[in-house]
Amino acid sequence: MPSIRNLILLLVSVLASFSNCITVFFDDGGYRCNPRPDNATSADFKTNLNSLLSALEEKAPDSYGFYAAAAGENPDRLYGLAQCRGDVSAPDCASCVEDSVRWATRSCNNSNEAAVWLDRCYLRYSDGNFLGQWNGSRIAMTPINMSTTDDPSVAAKGRNFMSLLAADAPNQPFLFEAGSVDVGEKGRRYGLVQCNRDLSVAGCRNCTAGLFKFYFDGEKRNQSSYRLFSYGCRMRYGSYKFYFNYTLPSDPPQGPPPPLPPPPSAAPRQLQSSFAVATVVMTVLLFLFSSSSI
């Protein structure tokens, strides 16, 4: 009998065939590509992509886990960012960004746009300038493997706790917040919320509020553990302490900003929408996880 993981990958492959975008989820993250072989195979594009990914891989770990850059000239100009979780040390950040670059180059090798979500870091590049912008896009990932269902009272405490974290993260210097809450006999629940540091405070607030609302609206969510990712922010909630006791400085690092391009004269081209695919996949995943626990 095929494993749940294989069923998930098969399902995503079938659904992706109906869309220009490819979205794949796995145990601790996922990736999303927008294949464009007509441009993505050009020599200039490949050169720019290699240059961009090398810069992100080199500089993000030494910039408190965040770096954004652009490479090349139109029509092959590319924009990208890499960001690690705020609790992750520089060596662990470097390892994660290196892994995310491998995922991007291996799984999205003919893509003009790609995003890779790993548990400890996030990587994105595109031929459209997305830096500093949040377009309202949301992708809800699946519950963490072996997640159980909490009692309604425990789930309510967890939901209120995550709501507070989502509201507080935009006010932090690094747009990152983590902590825990006592839920009674079930012990503690732990949470983490983070925005991409290219976003404004307002953009971060809109992203965290939108991701929180997307996950909890529509039906009751009582999972004891889950991960949520989007293009601008992330959340994680769990029944054990999954974050590290790494202390960020009180203020973001000073110095010259990354080589960001000037504002475009026209609105940037957004990623093609296929979030219905992600929503359907999440629904099926919830069913599969529920079935496997019976």
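Keep in mind that this is a model prediction, so the values were computed, not measured.

**Re the packing of helix H3 (residues 43–59) against helix H4 (residues 90–107)**
Relative placement of two packed helices is described by the angle separating their axes and the distance separating the axes.
Argument step 1. Orientation of H3 relative to H4, taken along the N-to-C sense of each, is 160°, at an axis distance of 9 Å. Taken together, the axes of H3 and H4 are roughly antiparallel relative to one another. Handedness of the H3/H4 crossing: right-handed. Contact residues: Leu-53, Leu-56 and Glu-57 in H3; Val-97, Glu-98, Val-101 and Thr-105 in H4.
Argument step 2. Grouping the amino acids of the contact of H3 with H4 by side-chain chemistry returns four nonpolar, one polar and two charged.

**What to know about the packing of aromatic side chains**
Argument step 1. Evaluated as defined, the whole model comprises 13 aromatic pairs.
Argument step 2. Judged by centre distance (5.6 Å) and plane angle (35°), the rings of Tyr-31 and Trp-103 are tilted. A residue pair is termed long-range when its members are at least 10 positions apart, and Tyr-31 in strand S2 (residues 29–35) and Trp-103 in helix H4 qualify at 72 residues.
Argument step 3. Where Phe-212 meets Phe-216, the ring centres are 4.6 Å apart and the plane angle is 40°; that geometry is what we call tilted. Pair noted here: Phe-212 and Phe-216 are both in helix H6 (residues 201–216), with a separation of four residues, about one helical turn. The residues Phe-212 and Phe-216 share a single accessibility class, namely buried.
Argument step 4. In textbook terms, an aromatic cluster arises when at least three aromatic residues are bridged by ring pairs, as seen for Phe-212, Tyr-215, Phe-216, Tyr-226 and Tyr-237.

**Thoughts on the packing of helix H5 (residues 152–168) against H6**
Argument step 1. Interaxial distance between H5 and H6 falls to 9 Å at its minimum, and their mutual angle equals 160°. Taken together, the axes of H5 and H6 lie roughly antiparallel to each other. Like other packed secondary-structure pairs, H5 and H6 cross with a definite hand, here right-handed. In contact with Arg-159, Met-162, Ser-163 and Ala-166 of H5, H6 contributes Thr-208, Phe-212 and Phe-216.
Argument step 2. For the contact of H5 with H6, a count of residues per class yields four nonpolar, two polar and one charged.

**Looking at the pattern of salt bridges**
Argument step 1. For the structure on display, the rule yields eight salt bridges.
Argument step 2. Asp-119 is paired through a salt bridge with Arg-227; the nearest N and O atoms lie 3.1 Å apart. In this pair, Asp-119 is assigned in the loop between strand S5 (111–117) and strand S6 (121–126) and Arg-227 in strand S10 (residues 226–230), connecting sequence segments 108 residues apart.
Argument step 3. Across the pair Asp-150 and Arg-189 runs a salt bridge whose closest N-O atoms are separated by 2.8 Å. With Asp-150 in the loop between strand S7 (138–139) and H5 and Arg-189 in strand S9 (residues 188–195), this residue pair connects regions lying 39 residues apart in the sequence. Each member of the pair, Asp-150 together with Arg-189, is buried.
Argument step 4. Counted as one network, the salt bridges with shared partners bring together Arg-85, Asp-87, Asp-119, Arg-227 and Arg-236.

**What to know about the sheet that holds S7**
Argument step 1. An order of S7-S10-S11-S9-S8 is seen for the five strands of this open sheet, with the pairing classed as antiparallel. Two strands close off the open sheet at either side, each with one partner strand: S7 and strand S8 (176–182).
Argument step 2. Pairing between S8 and S9: seven bridges, direction antiparallel. Bridged to Ala-178 within S9 is Leu-192.
Argument step 3. Lying over the sheet, H5 contacts S8, S9, S10 and strand S11 (233–238), oriented at roughly 30° with respect to S9.

**Quick word on H6**
At 3.6 residues per turn, the α-helix brings residues three or four places apart onto the same side.
Argument step 1. With 16 residues, H6 extends 23 Å between its outermost C-alpha atoms, agreeing within 8% with the 22 Å of an ideal straight helix rising 1.5 Å per residue.
Argument step 2. When we look at burial in H6, the residues that qualify are Gly-203, Cys-204, Cys-207, Thr-208, Gly-210, Leu-211, Phe-212, Tyr-215 and Phe-216.

**Considerations on the state of the cysteines**
Argument step 1. Taken as a whole and assessed by the stated rule, the structure comprises five disulfides.
Argument step 2. The disulfide that involves Cys-33 links it to Cys-108, with 1.7 Å between the sulfurs. With the S-S dihedral at roughly -45°, the linkage between Cys-33 and Cys-108 falls on the left-handed side. Of the two residues, Cys-33 is situated in strand S2 and Cys-108 in the loop between H4 and S5; the sequence distance between them amounts to 75 residues.

**Here we look at the nonpolar core**
Argument step 1. Judged by nonpolar contacts, the single largest core of 29 residues is most densely connected at Tyr-31, Leu-52, Val-97, Leu-123 and Tyr-125.
Argument step 2. Where this core is concerned, the elements lending two or more residues are strand S1 (22–26), S2, H3, strand S3 (66–71), strand S4 (78–84), H4, S5 and S6.
Argument step 3. When neighbours within four sequence positions are excluded, Leu-123 is seen to be in contact with Leu-53, Leu-56, Leu-81, Ala-82, Ser-100, Val-101, Ala-104, Ala-114, Ala-115 and Val-116.

**Comments concerning unusual backbone geometry**
Argument step 1. A cis amide bond links Asn-74 to the next residue, Pro-75, at an omega of 5°.
Argument step 2. The residue Pro-75 is located in the loop between S3 and S4 in this model.
Argument step 3. In the Ramachandran plot, Tyr-64 falls in the positive-phi region, its phi being about 55° despite a non-glycine side chain.
Argument step 4. Although it is not a glycine, Leu-175 adopts a positive phi angle of roughly 55°.

Criteria and thresholds
Residues numbered from 1 in each chain as written. Predicted model: local features only at pLDDT ≥ 70, side-chain atom pairs only at ≥ 80, totals over all residues. Heavy atoms only, no water. Axes fitted to C-alpha atoms, helices over the stretch in contact; angles between N-to-C directions. Helix = DSSP H or I, 4+ residues; strand = E, 2+ residues; numbered from the N terminus. Parallel < 35°, antiparallel > 145°, perpendicular 65-115°, else oblique. Left-handed = near helix turned anticlockwise from the far one by under 90°. Contact = heavy atoms within 4.5 Å. Nonpolar A, V, L, I, M, F, W, Y, C, P; charged D, E, K, R; others polar. Phe/Tyr/Trp six-rings, centres within 6.5 Å; stacked < 30°, edge-to-face > 60°. Buried < 20%, exposed > 50% of the residue type's maximum accessible area, 1.4 Å probe, protein only. Salt bridge = Lys/Arg side-chain N within 4 Å of Asp/Glu carboxyl O. Pairing = 2+ DSSP bridges. Expected span 1.5 Å × (residues − 1). Disulfide = S-S within 2.5 Å. Core = buried A, V, L, I, M, F, W, Y, C linked by side-chain atoms within 4.5 Å.

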